[in-house]
Amino acid sequence: MVTLEDVAKQAGVSLATASRVLNGSTRQVGAALRARVERAADELGYRANIAAQTLARGSSNVIGIVVHDLIDPYFAALADGAMRAAATEGMLVMVGTTHRDPEQEIAYVATLNAQRVRAVLLVGSRVADPAVTDRLRAELARYRDSGGRVACVGQDLLGVDTVAPANREGAAELARVLAGLGHTRFAVLAGPPQLMTAADRSAGFVAALRELGLPEPQVIHGPFDRDGGYAAARQVRDATCVFAVNDVMAVGALAACRERGIRVPDDVSVAGFDDIVTLRDHVPALTTVRLPLSGMGARALELALHDRDEADAVVVEQVAGEVVLRESVRRLM
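One numbering rule holds for all chains: residues counted from 1, following each sequence as written. Selection of residues for local features in this predicted model requires a pLDDT of at least 70, selection of side-chain atom pairs for listing and counting requires 80 or more, and totals for whole chains, interfaces and linings are taken over all residues. In computing side-chain values, all of the structure's heavy atoms are included and hydrogens and water are not.

Draft legend 1. Structural view of the packing of aromatic side chains. In this analysis, rings of Phe, Tyr and Trp, with Trp reduced to its six-membered ring, are considered paired at centre separations within 6.5 Å, and the interplanar angle assigns stacked below 30 degrees, edge-to-face beyond 60, and tilted for intermediate values. Inspection of the entire model under this criterion finds 3 aromatic pairs. Aromatic pair tyrosine 74 and phenylalanine 75: ring centres 5.1 Å apart, planes at 90°, arrangement edge-to-face. By the burial criterion, tyrosine 74 is buried, and phenylalanine 75 matches it. Ring centres 5.5 Å apart and planes at 80° place the aromatic pair phenylalanine 186 and phenylalanine 205 in the edge-to-face group. Within this pair, whereas phenylalanine 186 is found in strand 6 (residues 186-189), its partner phenylalanine 205 is found in helix 9 (residues 196-211), the two being separated by 19 residues in sequence. With respect to class, phenylalanine 186 is no different from phenylalanine 205; both count as buried. Each member of the aromatic cluster is reached from another via a ring pair, and the members are Phe186, Phe205 and Phe243. Whether a residue is buried, partly exposed or exposed follows from its accessible area with a 1.4 Å probe, protein chains only, as a fraction of its type maximum: under 20%, in between, or over 50%, in that order. A helix here means a DSSP run of H or I that spans at least four residues, while a strand means a run of E at least two residues long, and both kinds are numbered starting from the N terminus.

Structure representation (structure tokens):
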């Protein structure tokens, strides 16, 4: 195996100089010497020692991304956007999944801090538990005090730079569009009540129906996944339109309708939220609220890496959704 000593010898420089060039020291090395060392490393096929780089720089070139569920295409799209952006910055990415367990999220932040990663991205909804949120904020503060950087995709509750999807507003606009098509009897597959993304989308949809003077919808809670949508849809009664608070739940609802011999959209319309790319070819094509998921992940990474002073205000950017009408919804008037 090629060592740093081999590179130094080939370049005709000291071991310390070779280390400063290849292990990321903040001490400056002249351009001519740097070029000699880098050329020698290329000729010998030397690969830098990541641990040595971390010690020299005080942090690594690794980004930690913590998501709720990699099986869910929503999180996969967000993580993919962040990872593509990280690659353009020469950063490596480690991805951890919490399976929607807040304790796991806190543990990941502590572990990433111990590993001295450059930045941490938290991707996913907060839960309606102030004690858990406070503990996560405290863990993030410890990481930031050691020089780490943080950004979040989700609700603005952690005191860090945040890309916040406009969940309530997007769901309200969807309700208005569906009502404009003549629908008056709705069911909402609302997800878990303690999950703030689900709660915001459900609340926005219901509030818009109230403002329009329409009857209260049937609201059915359940898991925030395909099986949750399937189980909730089997409880729907007397609705012309079903709103699932994410696309994955909507897919479960469509499966439940097929099993029960309910035709979509002839017998009942179905709408979701997120516009997952992998679901756009589903038949019937799903009406939904589109979020620019990949772009949101990339923007969160940019916020985490941008230079800032401690006195700078926390950046919170709200991302609006766009209603996309497709074949799973029909006009009644």
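Draft legend 2. Focus on the sheet that holds strand 6. The parallel open sheet is built from 4 strands, whose spatial order is 7-6-8-9. Across the chains shown, the open sheet's two edge strands, defined by having one partner strand only, are strand 7 (218-220) and strand 9 (269-271). Between one strand and the next, the sheet's axes are offset by a mean angle of 15°, whatever the strand orientation. Sheet topology places strand 6 next to strand 8 (residues 241-244); 4 bridges connect them, and they run parallel. Residue pairing in the sheet places leucine 189 in a bridge with alanine 244 of strand 8. Should any heavy atoms of two residues lie within 4.5 Å, those residues are considered in contact. An axis is simply a line fitted to the C-alpha atoms; with a helix, the fit covers only the stretch in contact. Between two such axes, the angle follows the N-to-C directions and lies from 0 to 180 degrees. Docked against the sheet, helix 8 (residues 167-180) engages strand 6, strand 8 and strand 9, running at close to 170° with respect to strand 8. Contacts between helix 11 (residues 247-259) and the sheet are confined to strand 6, strand 8 and strand 9, with strand 9 contributing the most and set at about 160° to the helix. Note on pairing: DSSP must find at least two bridges between two strands before they are called paired.

Draft legend 3. Just helix 12 (residues 293-305), in detail. When the terminal C-alpha atoms of helix 12 are compared, their 19 Å separation across 13 residues agrees well with the 18 Å that a helix rising 1.5 Å per residue should span. On its buried side, helix 12 packs onto strand 1 (62-67), helix 5 (73-88), strand 3 (119-123), strand 4 (149-153), strand 5 (161-165) and strand 11 (316-319). By definition here, a helix of n residues has an expected span of 1.5 Å times n minus one.

Draft legend 4. Representation of the sheet that holds strand 2 (residues 92-97). With parallel pairing, 6 strands are arranged side by side in an open sheet as 2-1-3-4-5-11. For this open sheet the edge positions go to strand 2 and strand 11, each flanked by a neighbour on one side alone. Looking at each pair of strands side by side, their axes are set apart by 15° on average, direction ignored. Looking at chain direction, strand 5 and strand 11 are connected through 4 bridges and run parallel. Residue pairing in the sheet places proline 165 in a bridge with valine 319 of strand 11. The strands that helix 5 touches are strand 1, strand 2, strand 3, strand 4 and strand 5; relative to strand 1, the one it contacts most, it runs at about 170°. In this fold helix 6 (residues 102-114) packs onto strand 1, strand 2 and strand 3, with an angle of close to 175° to the strand it touches most, strand 1.

Draft legend 5. Spatial organisation of the side chain of arginine 126. One can find arginine 126 in the loop between strand 3 and helix 7 (130-145). As used in this structure description, the phrase polar contact means that two N or O atoms lie within 3.5 Å; if the pair is within protein, one of them must be able to donate a hydrogen and the other to accept it, and residues adjacent in sequence are counted only when both atoms belong to side chains. Here glutamate 105 takes part through its side chain, which lies 2.8 Å from a polar atom of the side chain of arginine 126. With residues near it in sequence (within four places) discarded, arginine 126 still touches His68, Glu105, Leu136, Gln155, Leu157, Leu158, Gln194, Leu195 and Met196.

Draft legend 6. Molecular detail of the pattern of salt bridges. By definition, a salt bridge exists where a carboxyl oxygen of Asp or Glu is found within 4 Å of a side-chain nitrogen of Lys or Arg. Using the criterion set out here, one finds 21 salt bridges in the structure. The salt bridge partner of arginine 299 is glutamate 317, with a shortest N-O separation of 2.5 Å. Placement of arginine 299 in helix 12 and of glutamate 317 in strand 11 is noted, with a sequence separation of 18 residues between them. Overall, the relative accessible area of 24% leaves arginine 299 in the partly exposed class. Overlapping salt bridges bring together Asp275, Arg280, Arg290, Glu322 and Arg326 as one network.

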